[in-house]
Amino acid sequence: MKKTELMYEGKAKRVYATDTDGICIVDYKDDATAFNGAKKGTIVGKGVVNNRMSNRIMRMLEKHDIPTHLIEELSERETAVVRVSIVPVEVIVRNIAAGSLSKRLGIEEGTKLPSVVLEYCYKNDALDDPMINDSHAIAMGLATKEDLDTISAYALKIDEILIDFFAKLGIELVDFKIEFGKKPDGTIILADEISPDTCRLWDSITHEKLDKDRFRRDMGGVEDAYQEVMRRLTGE
């Protein structure tokens with residue numbers, strides 16, 4: 001399998017077409033952005049952590065009947081994945097109040113939510129990824145009701161699995177963002193990544209932030225936080 005053309009370059013990844021039908025290669029970068037690209041920087045080694053961590057988690061989720069785009073990890077930074085059409089609806093799952101939820105609703109950061117909060121955002125950088133609801137997504141043709149039913153069911157199941165998974169590593173899963181893609185036959189599968197870029201992860205005892213918030217908030221120790229999550233994940 002060989003890369004052919006660059007199909008897409010985003011804030012954290014490059015996606016290449018290959019000479020094998022239906023397969024792409026994702027190349028994870030060390031570039032870091034926040035606030036929809038308003039803040040930019042580099043987190044050394046981030047691409048390696050995000051690639052390896054995401055693949056391990058997706059392989060684990062597959063054992064719980066969550067279909068994913070993962071085919072094979074090719075190197076520290078590159079992975080072969082199923083070629084999909086990304087559903088332009090970002091899914092955010094929240095267990096503990098933090099970030100924009102705290103700002104919008106005035107809930108103190110760190111407050112455990114009595115029930116899981118599921119949010120959708122329209123995946124559109126030019127509009128700063130605005131929050132939408134089911135009706136918006138359907139009316140705009142972003143997804144069907146059946147798509148959203150499938151996506152929400154997967155998202156809530158993933159949350160249950162990941163809460164338990166991270167708890168065993170001494171980590172609280174505060175919230176996370178996931179994306180889904182459609183295969184040519186219309187099947188919806190988990191795509192994109194699950195990493196410290198897309199999850200808020202706090203140490204269960206100290207509540208130290210082990211995720212991209214350290215970059216967003218200029219807290220320092222960003223690389224160390226990513227490596228600590230990877231160390232707990234792999235036991236290395």
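Residues numbered from 1 in each chain as written. Predicted model: local features only at pLDDT ≥ 70, side-chain atom pairs only at ≥ 80, totals over all residues. Heavy atoms only, no water.

Asks: Requested: an account of a nonpolar patch on the surface, with residues and values cited.
Replies: Residues Val116, Leu118 and Leu156 make up a contiguous nonpolar surface patch of about 210 Å² in total accessible area. Judged by relative accessible area, Leu118 falls into the partly exposed class, the value being 32%. (Patch = residues over 30% accessible without salt bridge, like charges linked within 9 Å, V, L, I, M, F, W, Y side chains within 5 Å. Areas by Shrake-Rupley, 256 points an atom, 1.4 Å probe, with all protein chains shown as cover. Salt bridge = Lys/Arg side-chain N within 4 Å of Asp/Glu carboxyl O. Buried < 20%, exposed > 50% of the residue type's maximum accessible area, 1.4 Å probe, protein only.)

Asks: Describe the packing of aromatic side chains, naming the residues involved and giving the relevant values.
Replies: Within the structure shown, the criterion is met by two aromatic pairs. Seen in terms of ring centroids, Phe165 and Phe166 are 5.3 Å apart; in terms of plane orientation they differ by 75°. Their pairing is edge-to-face. Overall, the relative accessible area of 0% leaves Phe166 in the buried class. Cation over ring: Lys3 sits above Tyr16, and NZ or CZ is 4.4 Å from the ring centre. (Phe/Tyr/Trp six-rings, centres within 6.5 Å; stacked < 30°, edge-to-face > 60°. Lys NZ or Arg CZ within 6 Å of the ring centre and 35° of its normal.)

Asks: Break down unusual backbone geometry for me, with residues and values.
Replies: Even without glycine at this site, Asp128 takes up a positive phi of about 60°. On the secondary structure map, Asp128 appears in the loop between strand E10 (112-122) and strand E11 (131-132). With relative accessibility at 54%, the residue Asp128 sits in the exposed group. Phi at Asp129 takes a positive value of approximately 50°, unusual for a residue other than glycine. (Helix = DSSP H or I, 4+ residues; strand = E, 2+ residues; numbered from the N terminus.)

Asks: An account of the pattern of salt bridges is requested, with residue identities and associated values reported.
Replies: All told, the structure shown has 29 salt bridges when counted by the stated rule. Asp175 is paired through a salt bridge with Arg94; the nearest N and O atoms lie 3.3 Å apart. With a gap of 81 residues between them, Asp175 in strand E12 (residues 171-182) and Arg94 in strand E9 (residues 89-96) connect regions that are remote in the sequence. As far as the burial class goes, Asp175 and Arg94 line up, both buried. Here Asp213 ties to Arg217 by a salt bridge, and the two come within 3.5 Å at their closest N and O atoms. Taken together, the shared-partner salt bridges in this structure form one network comprising Arg94, Arg104, Glu109, Glu119, Asp175, Arg200, Lys209, Asp213, Arg216 and Arg217.

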